[in-house]
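This is what each chain is made of:
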Amino acid sequence: MDLAHQIGQKLLLAFRGKESLSPEIVQAFQSYHPSGVTLFRPFNIESPAQIKKLNQSLQDLARELGLPLLLIGTDQEGGQLMAFGDGTPLPGNMALGATRSFELARKAGEVLGRELAAIGVNVNYAPCADVNINPNNPVVGVRSFGEDPKLVGELAAAMIEGIQSQGVAATVKHFPGHGDTASDSHHGLGTVPHSRERLHSVELTPFRSALQADAKLVMTAHLGILSIDGESAPPATLSPNIINGLLRQDLGYTGVVITDAMDMHAIRQGELLREDSLRAAQAGADILLMTTDPQDHMRAYESLLQGAQNGELSQENLRASIDRIMQLKGWLTENATSPDLSVIQCAEHMAIANEIAEKSITLVRDEKKYLPIRLEAEKRIAVIIPVPKDLTPADTSSYIQPKLAESIRAYHAQTDEFKMPYAPSEQDTSKVLEQVREYDVLIMGTINAYAEEKQAEFVRQLLQMRKPVIIIAMRLPYDLAVFPQSSTYVCTYGILEPSMRAVAKAVFGHSEMTGRLPVSIPGLE
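Along each chain, numbering runs from 1 in the same order as the chain's sequence is written. In keeping with the model being predicted, local features are shown solely for residues with a pLDDT of at least 70 and side-chain atom pairs are shown and tallied solely at 80 or more, while totals for entire chains, interfaces and linings include all residues. By convention in this description, side-chain values take in all heavy atoms of the structure and omit both hydrogens and water.

1. A look at the state of the cysteines
1) Next: Note on terminology: pairs of cysteine sulfur atoms within 2.5 Å are recorded as disulfides. Per the stated rule, a full pass over the model turns up zero disulfides.
2) Next: Left without a disulfide partner, Cys491 is nearest to the cysteine sulfur of Cys128, which lies 20 Å away.
3) Next: For every residue, the accessible area (1.4 Å probe, protein chains only) is compared with the maximum for its type, and the residue is labelled buried under 20%, exposed over 50%, or partly exposed between those bounds. Given the relative accessible area of 0%, Cys491 is considered buried.

2. Let's talk about helix α6 (residues 102–119)
1) Next: Spanning 18 residues, α6 covers 26 Å between terminal C-alpha atoms, matching the ideal 26 Å at 1.5 Å per step.
2) Next: Strands are runs of DSSP state E lasting at least two residues, helices are runs of H or I lasting at least four, and both sets are numbered from the N terminus onward. Most of α6 is tucked away: 14 of the 18 residues are buried.
3) Next: Once α6 ends, the next one or two residues include Gly120, with phi positive near 90°. Multiplying 1.5 Å by the residue count of a helix minus one yields the expected span of that helix.

3. Re the side chain of Gln80
1) Next: Structurally, the position occupied by Gln80 is in the loop between β4 (76–78) and β5 (81–82).
2) Next: At 2.8 Å, the side chain of Gln80 and the side chain of Arg475 are in polar contact.
3) Next: In this structure, Gln80 is in contact with Val140, Val142, Arg143, Thr392, Ala394, Asp395, Thr396, Ser397 and Arg475, ignoring residues within four places of it in sequence. Throughout this description, a polar contact denotes any pair of N or O atoms lying within 3.5 Å of each other; where both atoms belong to protein, one of them has to be capable of donating a hydrogen while the other can accept it, and for residues adjacent in sequence the pair is counted only when both atoms sit in side chains. Should any heavy atoms of two residues lie within 4.5 Å, those residues are counted as being in contact.

4. Here we look at the packing of helix α7 (residues 149–164) against helix α9 (residues 205–212)
1) Next: Where α7 contacts α9, the two axes come as close as 8 Å, and the packing angle between them is 25°. By the criterion of interaxial angle, the relationship of α7 to α9 is roughly parallel. When the axes of α7 and α9 are compared, the crossing they make is right-handed. Residues Pro149, Lys150, Val152, Gly153, Glu154, Ala157 and Ile160 of α7 pack against Thr205, Pro206, Ser209 and Ala210 of α9.
2) Next: Of the residues in the contact of α7 with α9, the class split is six nonpolar, three polar and two charged. Lines fitted to C-alpha atoms define the axes, with helix axes restricted to the stretch in contact, and inter-axis angles between N-to-C directions lie between 0 and 180 degrees. Each angle gets one of four labels, with under 35 degrees taken as roughly parallel, over 145 as roughly antiparallel, 65 to 115 as roughly perpendicular, and the rest as oblique. Rotating anticlockwise by less than a right angle from the far helix to the near helix defines a left-handed crossing, while the corresponding clockwise rotation defines a right-handed one. Here the nonpolar group is Ala, Val, Leu, Ile, Met, Phe, Trp, Tyr, Cys and Pro; Asp, Glu, Lys and Arg are the charged ones; every other residue, Gly included, is treated as polar.

5. Concerning the side chain of Thr38
1) Next: Within the element layout of this structure, Thr38 appears in strand β2 (residues 36–38).
2) Next: Using a relative accessible area of 1% as the deciding quantity, one classes Thr38 as buried.
3) Next: Polar contacts involving the side chain of Thr38 include one to the side chain of Tyr125, which spans 2.7 Å.

6. Notes on the pairing of strand β13 (residues 362–366)
1) Next: Within β13, four of the five residues are buried, which leaves it mostly tucked inside the rest of the structure.
2) Next: When β13 meets strand β18 (residues 488–491), the two strands line up antiparallel, connected through four bridges. The residue of β18 that forms the bridge with Leu363 is Val490. Paired strands are those between which DSSP finds at least two bridges.

Structure, rendered in structure tokens:
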């Protein structure tokens, strides 16, 4: 493999297109000889058959150009981040944390891996091994299994085993831990201020478990780690102390290191991306995860090629990196499976999603014994929900219409739904409060009200209406902290349909709520 091809193997490209390979994509493959591609929901993903056809055409193009097997990756975590929206609606990691079930975590991984293999995706950017200690974390949240490092590690390891049992490579992320930050690295550089001792006892614990489970890839975080790199710490993605030191030497990791997306603003953009791309490679990153900008593809490729030619990127570094990438591609070739598209949302997979959902539902409080709901047929229930939005770029919630009201209506016909913005105005608040005034029971589904004061204030006003109010936290459990006067509080950890059906079943007393909080509610639980 000549130098130009070696450099190309360090890049994962992305592109816009769903049906056929555009001349631009063919040209990019001819020019850069990439290691593979990442598929993103808005740009590439429409239906199972369409994705499978697209991926086959990409592999065919690679073969025509004499390239090795392509890595085709995507974010299929379950819960709030589902690039492949037609996949089985698995409730997500924090719901799994509430079940405390390693068996269900492995089964969830098997579902993710099998369905990705069916559409021709061979790398899953999952699971998150971040320990979500900070309630104000804007980017991880329910993507984490919880706040207990040991539990997070055991569940992450089980999910990795499940994914990789289907011949799909798992990617544990975001190293060395994105759980205790209050910033979103999509928008700028955050820092982790903790000591090395704290990192080893908390943040790194799940990654050790993930590496023991033979995670094929580790994704770096765009976070500065002050105890390792000092006050002016670069993102971990650009830090040799973290990649070559902490990950490879201290933890003994020998697999592929992939960066988080290089268009995130913790990484310098524009022409400065050239320098940061080279710094990532020098630090020990094997693969740079590029996005759809052709100019960025060129900047990264040219900077790595020039660095290799002038000695800034050593031959030893480059050779070791290519060896790791080729070993990964060899593993994928040897372990490849080709399930039929009929496995997607099949009865077996849906049963697993439903079981996770039912076992995750958590009753935090029912002081006035409003549950189970028992109403005469003529009594009316109002279900109020915020319209979901993507709260971070690592979110696909905006594609979902939560079926909470529909699920409640299955048990009580006189049920009406009222929608409001995620951050309601005073006018929105007044309107909905007036609309629900004459209802007998009010069910409020919240979405991160802990972080949105306007939504929290609406709930506080709702609780003053002197009638039964049941709060269902449909994303993070922390919401109770901003309206602690709520007497009945239930958590689902997600808005996908299995969770909505499960919570409706539970609040009417047809199933037991056995879930346990995987995080602490500030000042309360």
